[in-house]
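Structural characterization, general
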Amino acid sequence: MDQKYIERAETYLRGNLAESDRKNFERDLASDPELKLAFDQCRLAMDVVDRQVEIDLSSKFRHWGKEKDSGRSHLMSLAWKIAASVAVIIGVYFILFQRSPTLSHQQLALKFYQTPPAPDRTMGGEDRLWAKGIEAYQQQQYRVAIDNWSRITRRTPEVSYFLANAYFNNMDYQSAILIFKDLSEGGSIYSFRMEPCPVVFIHWATGTL
Amino acid sequence: MSKEHQSDQMIINTILRGGKERESTLKYLFHHRHFRETTAEIVFKAGGDHEHQETVFEACIIQLDKQIRRSLYSEKSLLDFFQNQTRVQWCLLLQRNQPDRHKVLGKLGDDPDLKRQIRAVVMKNSGNLEDAEDCFQNGLELLDKQLTEGKYRGGAIKGFFYQTCYNLWRNELKKRRTVPMADEALHQPVELEDPLTVYESNLSRQLLDEILQRLGASCQKILNLKYFIMDQLSMDEIAVQMGLKNAQNASNTLTKCRKKLWELLVEHEHPYLWTRNT
């Protein structure tokens, strides 16, 4: 086949012929079998290439669609992770701070406050009430310790300090804070022991921090 | 030149440049929310579902790429293109795929509002309940035929179906020689819009795939280099990419491949004639 037919057909198929040239070509196409064959061959080649492109694009669409889905699912999983973290934080917050507020403050204050260990028996001298109180304090029977220590008539700073701690652990914050404040104004070694912790913990426990 | 037009022109230019730029532009279009929503709105109104919308949207992009590469693109804007092409591709899908057509007809057949509307118009115009039921069923059968014959143009399918049933009942009344329908002036026969234009081969995909398979990789490659975007590459460049000595060798190879392609088609005894399908 003459190359000039192919070139004419391709020029027409490029779509940039002037109106008159286009009409001339279409007229010749109807009457010239050689030109018709060249045109059909070029057209077929274009169709085949277009089909190849279509197949290629369809596979790309699937790939892009998956990318989109995985991007979306990644975002979703991120969103779920954030939501789960928020839920855990809220849950922890509610468990620690919101469930029966006063009680939980008290529990926390009690949990985190370092109750001083029971004093040596000798430190309080031979006082029977002091010794019984120490025994109860050691066994965390703070009510019993309070009963004993509050009956001591000559209350040393040491007795006051441990009595206040017993009140604190027995959740009698009013009594505890009065003694602690009283102690803080004195000049004994117990004045230094209590700043600022016990008062802060009492305020925490009573929700007035 | 408007911003929208400028951006449309940029998209067209990058597709024409081919290679990676074309691919990233097509990917951008694939993820384009507004064009997707435009397609979805038309397809849903026309009785399709999400799966149809996806198929139609992809077909629109393939068609856009083809029209631009083949210098056939003539829309005012890409939005216009997606609106018009969605209708075209939806109609083609319904025309060619019986299962999809029946899915749409099934949905219409189960639509209680539509049934009520047809019943109302028939009973208001000298018909009874049985006539209304017959009219509805005959309407579905006629619609199936109209979809197959390409008489539907991709508009709101419920409206089209209602009009079909209306015309059926009007003709029935004429046959019965009863009084004309009360609100006939409001319901003129469906005017067909401009013919839908789609540029595609009149060879089936199956046949093209068979030819492609038998063509061989080398011919596929050289035809692709020459015709992907016609004359984007010179014969010298094609020769280099094909590892041939010179432009003349490339030209000879191309001629051989076109001939082989033609022979493969003739083997299938297909009366090949390219036309612009309407």
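All values reported here derive from a predicted model rather than from experimental measurement.

Quick look at the overall build of chain A now. Within chain A, the secondary structure is distributed over 10 helices and 0 strands. In sequence order, chain A lays out its α and β elements as α-α-α-α-α-α-α-α-α-α. Out of the 209 residues belonging to chain A, those deemed buried represent 37%. Long-range pairs, those at least 24 residues apart, make up 48% of the contacts in chain A with a sequence separation of at least 6. For chain A, the exposed area adds up to about 12,300 Å²; of that, 57% sits on carbon and sulfur atoms.

The helix and strand tally for chain B stands at 13 helices and 0 strands. The linear arrangement of helices and strands in chain B, starting from the amino end, is α-α-α-α-α-α-α-α-α-α-α-α-α. Across chain B, every contact between residues at least 6 apart in sequence was considered, and the portion connecting residues at least 24 apart equals 66%. When the accessible surface of chain B is split by element, carbon and sulfur atoms take 51% of a total near 14,900 Å².

Enumeration over the complete set of coordinates arrives at 21 aromatic pairs over all chains. Aromatic pair F57 of chain B and F82 of chain B: ring centres 5.6 Å apart, planes at 25°, arrangement stacked. Highlighted residues: F57 of chain B in helix α4 (residues 50-69) and F82 of chain B in helix α5 (residues 78-96), separated in sequence by 25 residues. For the pair formed by F57 of chain B and F82 of chain B, the shared burial category is buried. The structure contains a cluster of three or more aromatic residues connected by ring pairs, namely W130, Y137, Y142, W149, Y161, F162 and F180 of chain A. Looking at K4 of chain A, its charged tip hangs above the ring of Y5 of chain A, at a distance of 5.6 Å from the centre. One cation-aromatic arrangement involves R36 of chain B over F30 of chain B; the distance from NZ or CZ to the ring centre is 4.7 Å.

Across chain A, pLDDT averages 81, with 80% of residues at or above 70. The secondary-structure element of chain A with the lowest mean pLDDT is helix α9 (residues 189-193) of chain A, recorded at 62, while helix α2 (residues 19-31) of chain A shows the highest, at 92.

With that out of the way, let us pick up the interface of chain B and chain A. At the junction of the two partners, chain B supplies 41 residues and chain A supplies 32 residues. Both faces considered, chain B and chain A share a buried interface measuring about 3,600 Å² in area, 65% of it formed by carbon and sulfur atoms. On the surface where chain B and chain A come into contact, there are 8 salt bridges. With its nearest N and O atoms 3.5 Å apart, the salt bridge here joins E10 of chain A to R258 of chain B. Remark: the boundary between chain B and chain A carries 9 residue pairs in polar contact (both at pLDDT 80 or more). Breaking the side of chain B that touches chain A down by element, the ones donating at least two residues are α2 (19-30), α4, α10 (205-215), α11 (217-227) and α13 (247-267) of chain B. The element that contributes the greatest number of residues to the side of chain B that touches chain A is α13 of chain B, accounting for 7 residues. Looking at the side of chain B that touches chain A residue by residue, the class counts come to 19 nonpolar, 7 polar and 15 charged.

Quick look at helix α5 (residues 128-138) of chain A now. Residue and element names in this part refer to chain A. What α5 keeps buried is the set L129, W130, G133, I134, A136 and Y137. Viewed along the axis of α5, the buried residues span an arc of 165°, placing them on a single side of the element. Of the surrounding secondary structure, the elements contacted by the buried residues of α5 are α6 (142-149) and α7 (157-169).

About the thresholds
Residues numbered from 1 in each chain as written. Chains lettered and ligands numbered in written order. Predicted model: local features only at pLDDT ≥ 70, side-chain atom pairs only at ≥ 80, totals over all residues. Heavy atoms only, no water. Helix = DSSP H or I, 4+ residues; strand = E, 2+ residues; numbered from the N terminus. Buried < 20%, exposed > 50% of the residue type's maximum accessible area, 1.4 Å probe, protein only. Contact = heavy atoms within 4.5 Å. Areas by Shrake-Rupley, 256 points an atom, 1.4 Å probe, with all protein chains shown as cover. Phe/Tyr/Trp six-rings, centres within 6.5 Å; stacked < 30°, edge-to-face > 60°. Lys NZ or Arg CZ within 6 Å of the ring centre and 35° of its normal. pLDDT = per-residue confidence, 0-100. Buried area = accessible area lost by both parts, 1.4 Å probe. Salt bridge = Lys/Arg side-chain N within 4 Å of Asp/Glu carboxyl O. Polar contact = N/O pair within 3.5 Å; in protein donor to acceptor, adjacent residues only side chain to side chain. Nonpolar A, V, L, I, M, F, W, Y, C, P; charged D, E, K, R; others polar. Arc of directions from axis to C-beta.

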